Amino acid sequence: MGYIHYRSPVPRNGTSCCRDNNQKDIVSRSSYAPSRVYRSPLLDSTRWDAFRPRRGDIVISTATKAGTTWAQRMVASLIFRSARLPRPLMELSPWLDMAMVPLADVTALLSGQEHRRFIKTHLPLDALPFHPDVRYVVVGRDLRDLALSTHHHARSMSSAGPRAALAAAVQAHGGDSGENLGSFRPPEVPEDVHDFWREFFTRSAYPWESDGWPYNSPTHHLSSWWERRSEPNVCLLHYQDMLDDLEGQMRRLADFLQITVEDRAWPDLVKACTFAEMKTNEAEIWDSGLSGAALGTWNFFHRGTSGQWRALCSEDELALHEQALRRMPEELSSWLVRDPTVAA
């Protein structure tokens, strides 16, 4: 199994570097600092202050249920150029801003990795350091499909098994956010999907945002990245494009990451990244720690389809979606919506 050790030939202007214990290039200064702090019992953006990026690192940034694990699996297949992973995906690609795992454990894991690193986050760009020598992969998903997937996810997370596993993980780790994590309970969400739809499009877990309940806002998340879409180290993928042409999007991603894959390897790599294969091989996803046990206790991969909202939503509910679209740049709304009958 071949690992890819990426090197940018020279530092970019305004950026210096040093070496860590594994003799990897460390980028020591970001082009700008985060302007927002996101903190909750499960999420803490300040943990990125401890991140020591290497040249060629990959940050995968998505809103919740926009295709995070799918993108991680695609990147893993390209990095290792194999349908089989050497370790569980969540260990290969840790979620740095998840507060339930001690920060020291995550930074030690990242420091010890010899392969090209790829890190998960649900944070928008304004809550992250931005390094010219780090690659950022961002996935957008139609907000209507995202809302229904979020409802399933949040309801599953609140059920007895996942709730107990999450509470045990938080209790054991203690977390780093200073909150009373031992008493953590997942946010309550309505059982009725119509009631949830209204909450999703009119509330956020953070007071400066307007949608995304019970998590942070997908409109703000995408808008923050849209402003930087022309940067050479930012790649925007669309969930629907991944559904329609997985191989084409994986080849596009490989080009962006400057990874060369032999033609004969592509069929196996693409098959490994289909929903059917990921559902069949969920043991390749979750690590053996408490957080992995918690995340693996519910049906994480739901359907991976689009358009279920068409038979479900009323005109008033679709109007809430259109209102959310107006909070984003018009070009972004047009890119995001994949139904020609809905005006942005």
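Each remark here, short or long, concerns the structure printed above.
Residues numbered from 1 in each chain as written. Predicted model: local features only at pLDDT ≥ 70, side-chain atom pairs only at ≥ 80, totals over all residues. Heavy atoms only, no water.

**Q** Provide a residue-level description of the packing of helix α1 (residues 68-80) against helix α9 (residues 246-257), including the pertinent values.
**A** Relative to each other, α1 and α9 sit at 65°, their axes nearing to 10 Å. Considering how the two elements wind past one another, α1 and α9 form a crossing that is right-handed. Each of Trp 70, Met 74, Val 75, Ser 77 and Leu 78 in α1 lies in contact with α9, whose residues at this interface are Leu 246, Gln 249, Met 250, Leu 253, Ala 254 and Leu 257. When grouped by side-chain class, the residues that make up the contact of α1 with α9 number nine nonpolar, two polar and no charged. (Axes fitted to C-alpha atoms, helices over the stretch in contact; angles between N-to-C directions. Helix = DSSP H or I, 4+ residues; strand = E, 2+ residues; numbered from the N terminus. Left-handed = near helix turned anticlockwise from the far one by under 90°. Contact = heavy atoms within 4.5 Å. Nonpolar A, V, L, I, M, F, W, Y, C, P; charged D, E, K, R; others polar.)

**Q** Would you mind going over the nonpolar core in detail, with residue names and values included?
**A** The biggest cluster of nonpolar side chains holds 53 residues, and the ones touching the most others in it are Trp 48, Trp 197, Phe 201 and Trp 225. Counting only elements with at least two residues in this core, the list comes to α3 (103-112), β5 (135-140), α4 (143-157), α6 (193-202), α7 (218-226), β6 (234-238), α13 (315-325) and α14 (330-336). Those residues in contact with Phe 201 that lie beyond four places of it in its chain are Leu 143, Ala 147, Ser 210, Asp 211, Leu 320, His 321, Ala 324 and Arg 327. In terms of nonpolar packing, the next biggest core, distinct from the first, is built from 37 residues, Leu 78, Val 270, Phe 275 and Met 278 among them. (Core = buried A, V, L, I, M, F, W, Y, C linked by side-chain atoms within 4.5 Å. Buried < 20%, exposed > 50% of the residue type's maximum accessible area, 1.4 Å probe, protein only.)

**Q** Go over the sheet that holds strand β4 (residues 118-121) with me, naming the residues and quoting the values.
**A** Read from one edge to the other, the open sheet built from four strands follows the order β4-β3-β5-β6, with strand pairing classed as parallel. Edge positions in the sheet fall to β4 and β6, since each has one partner strand and no second. Each neighbouring strand pair of the sheet contributes to a mean axis angle of 20°, computed without reference to strand direction. Pairing analysis gives five bridges linking β5 to β6, with the strands arranged parallel. When the sheet's bridge partners are listed, Tyr 136 is paired in β6 with Val 234. Packed on one face of the sheet, α9 meets β3 (58-62), β5 and β6 and runs near 175° to β6. (Pairing = 2+ DSSP bridges.)

**Q** So what's going on with empty space enclosed by the protein? Which residues, and what values?
**A** The tally for this structure, following the rule as stated, stands at two cavities of 30 Å³ or more. Here the second largest cavity defines a volume of roughly 40 Å³. When the residues that make up the lining of the second largest cavity are grouped by side-chain class, the tally is five nonpolar, four polar and no charged. (1 Å grid on protein atoms, 1.4 Å probe; cavity = no way out; pocket = protein on both sides within 12 Å on 5 of 7 lines; lining within 4 Å. Points joined across faces, edges and corners; volume = space filled by probe spheres on them.)

**Q** Outline the pattern of salt bridges, supporting the account with residue identities and numerical values.
**A** Counted according to the given criterion, the structure contains 14 salt bridges. Note that Asp 57 is salt-bridged to Arg 117, the shortest N-O span being 2.6 Å. In this pair, Asp 57 is assigned in the loop between β2 (25-27) and β3 and Arg 117 in the loop between α3 and β4, connecting sequence segments 60 residues apart. Take Asp 57: its relative accessible area is 2%, and that puts it in the buried class. (Salt bridge = Lys/Arg side-chain N within 4 Å of Asp/Glu carboxyl O.)

**Q** Any details on the packing of aromatic side chains? Residues and values, ideally.
**A** Overall, the coordinates contain 13 aromatic pairs when judged by the stated rule. Here Tyr 38 and Tyr 206 contribute two aromatic rings whose centre-to-centre distance is 4.7 Å and whose plane-to-plane angle is 65°, an arrangement assigned as edge-to-face. Taken together, the positions of Tyr 38 in the loop between β2 and β3 and Tyr 206 in the loop between α6 and α7 put the pair 168 residues apart, joining distant regions of the chain. Residue classification places Tyr 38 among the buried positions, given a relative accessible area of 0%. Joined through ring pairs, the aromatic side chains of Phe 196, Trp 197, Phe 200 and Phe 201 make up one cluster. The ring of Phe 130 has Arg 228 lying over it, and the distance from NZ or CZ to the ring centre is 5.4 Å. (Phe/Tyr/Trp six-rings, centres within 6.5 Å; stacked < 30°, edge-to-face > 60°. Lys NZ or Arg CZ within 6 Å of the ring centre and 35° of its normal.)

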